[in-house]
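Notes for the structure review
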Amino acid sequence: MKLRLLLLAVLLGTASWLAVTWSGRADSVSTHRYVSTPIDHRTHITEATQLARTARTENDGLHSDGIDPHALYLPVSPRPVDAGAQAVVSSPSAITLPDGMRFYHGDLHSHTSYSDGKGTPQEAFEMARSYGLDFFTVTDHAYMLNDTEWADVRAQAREATTNGEFIGLYGYEWTSNNGHINIFNTSKLVKATDRDYDTAEELYAWLSKPAQVNTIAQFNHPFYPPDSFNSLQYKRLADRHMFLMEIHDGNALRTDKFNEGLEVGWRVAPTDNSDAHWQTWGMKRGRNGIIAPALTYHHIINALRARRTFATQDENLVLALRADDNWMGSVIRNGPVHFDVYAS
């Protein structure tokens, strides 16, 4: 009955409201759509540790040996960008929620030729906006970035930002044998090829430092590598910064890992991102949704920190929950709770 009520609100296609009793647990789903033989980053990370930087071919998205180390996540069927791409979907922000909140769609995981993808950060931000995203993040692999490229990513994010229209975020992917984590809202570039940050525990310790009080982190595709983050072992040291967990990266949907994270103690919100490595930024149907009072950098970051997010594979879907007066992502006391569900 609960699922029928929720689906009814979605199918109506209007700003519907209903109250339900919800268990707080996602359905366990495991689907895969791999498109090529996976090539493990571990080999490349080891080489990068020894050589300081892996050589790559200029602007073709491949390493000098012609191998794409992230082939596991390539889009299944990229479609060309055409002149009609400027208004693929309308922004969900027209729907107003209680407390002046609004819905926004975006992507928190993508790559360019600055690591193992194609194109430039500027092209990525422009294309994501043209496909109707409200916010977008370039998160190239940290171990492949140099200081000049990292500075340019931040500069291009600022250049792409127009409050009320589109927000460019900046970050990078800490890529290690322990797993992959996206780091947002810090100017400090931390690489797993640095012996001071080559384990999840060392990264967690860095995140806990006062200088990183505003830093936000996301567990990326926690099913790969299979033993990522020591099988999602909970670390209180990192709890104040690990706000997000990617349940869909453009190819694999794994809510089972999300449930595992919740069960061991992580207080994370789900995200749906593209992990785009080709010039397909904003083209996939999946979206990472948030609720915030306005479309500004400050409000988007605050929404991520507050875990006010939802993951969807439909660019037209929006969903929000409120427990009594607490928006989704809040920490609440045990006991009976009245849930308000807003869906369209």
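Summarised in this report is the structure supplied together with it. (Residues numbered from 1 in each chain as written. Predicted model: local features only at pLDDT ≥ 70, side-chain atom pairs only at ≥ 80, totals over all residues. Heavy atoms only, no water.)

1. Some details on the pairing of strand β5 (residues 167-176)
Taken across its 10 residues, β5 has 10 buried, putting it largely inside the fold. Where the polypeptide runs from strand β4 (residues 135-141) across helix α4 (residues 147-160) and back to β5, its parallel neighbour, the crossover connection is right-handed. Relative to strand β6 (residues 179-184), β5 runs antiparallel, the two being bridged by 6 bridges. Considered in β6, the bridge of Ser-176 is made with Gly-179. The loop that links β5 with its antiparallel partner β6 comprises 2 residues. (Buried < 20%, exposed > 50% of the residue type's maximum accessible area, 1.4 Å probe, protein only. Helix = DSSP H or I, 4+ residues; strand = E, 2+ residues; numbered from the N terminus. Right-handed = clockwise from strand over helix to strand, strands pointing away. Pairing = 2+ DSSP bridges.)

2. Looking at the nonpolar core
Phe-136, Tyr-172, Ile-181, Tyr-204, Phe-219 and Met-242 are the most contacted members of the largest nonpolar core, which has 45 residues in total. If sequence neighbours within four positions are ignored, Tyr-204 has contacts with Ile-181, Phe-219, Phe-229, Lys-235, Leu-237, Ala-238, Met-242 and Trp-266. (Core = buried A, V, L, I, M, F, W, Y, C linked by side-chain atoms within 4.5 Å. Contact = heavy atoms within 4.5 Å.)

3. Section: the pairing of β6
Counting buried residues along β6, 6 of its 6 residues qualify, which places the element largely inside the surrounding structure. Here β6 shows a buried face lined by Gly-179, Ile-181 and Ile-183 and a second buried face lined by His-180, Asn-182 and Phe-184. Here 5 bridges tie β6 to strand β7 (residues 216-220), and the two strands are oriented antiparallel to one another. By the bridge assignment for β7, Ile-183 is matched with Ala-217.

4. Concerning the packing of aromatic side chains
All told, the structure shown has 11 aromatic pairs when counted by the stated rule. When the ring of Phe-103 is compared with that of Phe-310, the centres are 6.0 Å apart and the planes differ by 85 degrees; the resulting orientation is edge-to-face. On the criterion of sequence distance, the pair formed by Phe-103 in strand β3 (residues 102-107) and Phe-310 in strand β12 (residues 309-312) is long-range, its members being 207 residues apart. An identical accessibility class is assigned to Phe-103 and Phe-310; each is buried. Taken together, a centroid distance of 6.4 Å and an interplanar angle of 75 degrees make the contact between Tyr-197 and Trp-206 edge-to-face. Per residue, the accessibility class of Tyr-197 equals that of Trp-206, and both read buried. Linked through ring pairs, Tyr-204, Phe-219, Phe-229, Tyr-234 and Trp-266 together constitute an aromatic cluster. Residue placement shows Arg-322 over the ring face of Trp-327; its charged tip is 5.2 Å from the ring centre. (Phe/Tyr/Trp six-rings, centres within 6.5 Å; stacked < 30°, edge-to-face > 60°. Lys NZ or Arg CZ within 6 Å of the ring centre and 35° of its normal.)

5. Section: the side chain of Ser-274
Along the chain, Ser-274 turns up in the loop between β10 (269-272) and β11 (287-292). Within the local environment of Ser-274, its side chain forms a polar contact with the side chain of Asp-107, the two groups lying 2.5 Å apart. Each residue touching Ser-274, except ones within four places of it in the same chain, is listed here: Asp-107, His-109, Ser-110, Asp-249, Gly-250 and Lys-284. (Polar contact = N/O pair within 3.5 Å; in protein donor to acceptor, adjacent residues only side chain to side chain.)

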